[in-house]
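The residues making up each chain are set out below.
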Amino acid sequence: MTEVHICEVGSRRYRVRTLFSGGGSNDYVKRDVQSRPQGVTERRTLTVSRQLHIFVIGTGGSTLSKLREESNAKITVPNKRSKSDSIEVEGLPDDVCKAEELINKIVSDHIHKVPYTHFISLPIADVNVQRKVKEFQTDVAQEYLRDDSCRTFVEPASLHITIGMLRLLTLSEIAAAVDLLKSLEEQIYDILESRPLVASIGKVRAMEANAAKARVIYTQAEDFDGNGSNRLERMCRFVRKEFDKAGYIDEKRDLKIHITVLKAKSKTDQL
């Protein structure tokens, strides 16, 4: 004989079939459900740049499988065709936190493998400097370069002093970096003493020790005041320090104030 009863287990209620084989000590209960962990699951969206998704997934999905196993959470990464920067994590609160911790560790370990996307620069607006650089580039192209290799020259109108290279991988990071730069305006004017900044341009040099293997040809630049104020260097170091404090600059080499005139092809954009 079979009857259906309602059985309460914790906060859940189950329909249970009870078999009787004559009554008494031969009665037993057989449940149609499996025991489950108590607690309410949650879903969390992590913003991780698409350039870093390959490191979260790993070769053949190996890293993603390991993340799911170690965290016991459901982790969903958008496919390659998606433009989304979101990674969805679902599970018990502790499992979700564990998954987020592991993913953040992967991001911090691999962020340096992503190419720089932007740079902070000080434009060179003097038309005489631009004209002289153009003459130099033309002479070099005619004497040493052939075919399309001269396209590695920096356009004279785009000449600038690079203050720092940045990796801004999301729209929110770009907006925050722009806001930071705008917030430094008053302090920059104080350093420059509200006067035009005039710089002297030095000799042409190679960035690398071996000139034959140089990827960057540049000219040095320094403050033209001649009074020891070093406004140019102080301003560049101040901006770089503030962006470094905010976590936007991860370059290990020291600031080198220079104007690049020839370089290997780059996809970075100006901030």
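All figures in this text were calculated on a predicted structure; none of them were measured in a lab.

Colleague: Tell me about unusual backbone geometry, and name the residues and values.
Modeller: Positive phi, normally seen in glycine, also occurs at N72, with a value near 65 degrees. Considering the arrangement of structural elements, one finds N72 in the loop between α2 (62–71) and β5 (74–76). With a phi close to 60 degrees, E193 is a non-glycine residue in the positive phi region. Considering the arrangement of structural elements, one finds E193 in the loop between α6 (185–191) and β9 (199–206). Overall, the relative accessible area of 40% leaves E193 in the partly exposed class.

Colleague: Give me the packing of helix α5 (residues 171–183) against helix α7 (residues 231–245): which residues, what numbers.
Modeller: Helices that pack against each other are described as a pair by the angle of their axes relative to one another and the distance between those axes. Viewed as axis vectors pointing N to C, α5 and α7 meet at an angle of 140 degrees, and their least axial separation amounts to 11 Å. One finds that α5 runs oblique with respect to α7. Judged by the sense of rotation from one axis to the other, the crossing of α5 with α7 is right-handed. On α7, the residues touching A177, L180 and L181 of α5 are V239, E242 and F243. Class assignment for the residues of the contact of α5 with α7 results in five nonpolar, no polar and one charged.

Colleague: Let's hear about the sheet that holds strand β6 (residues 86–91): which residues, and what values?
Modeller: Judged by pairing direction, the sheet is antiparallel, and its three strands sit side by side in the order β4-β6-β5 without closing on themselves. Bordering the open sheet on either side are β4 (42–47) and β5, each of which pairs with just one other strand. Ignoring which end each strand starts from, the neighbouring axes of this sheet average 20 degrees apart. Here six bridges tie β4 to β6, and the two strands are oriented antiparallel to one another. Following the sheet pairing, T45 is matched in β6 by E88.

Colleague: Could you give an account of the confidence of the model for the protein chain, with specific residues and numbers?
Modeller: Averaged over all residues, the pLDDT of the protein chain equals 79, while 79% of them reach at least 70. Within the model, pLDDT remains below 50 along residues 1–36, and this stretch shows 41 contacts once partners closer than five positions in the same chain are excluded.

Colleague: Could you give me a rundown of the side chain of T219, with the residues and numbers involved?
Modeller: In this structure, T219 sits in strand β10 (residues 216–223). Not counting chain neighbours up to four residues away, the residues in contact with T219 comprise I201, G202, K203, V204, H258, I259 and V261.

Colleague: Before we move on, could you go through the side chain of D95 and cite the residues and values that matter?
Modeller: With respect to the helices, strands and loops of the structure, D95 is situated in helix α3 (residues 93–110). There is no salt bridge for the buried D95, and the closest opposite charge comes from K98, which lies 9.4 Å off by N-O distance. Residues in contact with D95, not counting those within four places in the same chain, are S71, N72 and A73.

Calculation notes
- Residues numbered from 1 in each chain as written.
- Predicted model: local features only at pLDDT ≥ 70, side-chain atom pairs only at ≥ 80, totals over all residues.
- Heavy atoms only, no water.
- Helix = DSSP H or I, 4+ residues; strand = E, 2+ residues; numbered from the N terminus.
- Buried < 20%, exposed > 50% of the residue type's maximum accessible area, 1.4 Å probe, protein only.
- Axes fitted to C-alpha atoms, helices over the stretch in contact; angles between N-to-C directions.
- Parallel < 35°, antiparallel > 145°, perpendicular 65-115°, else oblique.
- Left-handed = near helix turned anticlockwise from the far one by under 90°.
- Contact = heavy atoms within 4.5 Å.
- Nonpolar A, V, L, I, M, F, W, Y, C, P; charged D, E, K, R; others polar.
- Pairing = 2+ DSSP bridges.
- pLDDT = per-residue confidence, 0-100.
- Lys, Arg positive; Asp, Glu negative; His and termini not counted.
- Salt bridge = Lys/Arg side-chain N within 4 Å of Asp/Glu carboxyl O.

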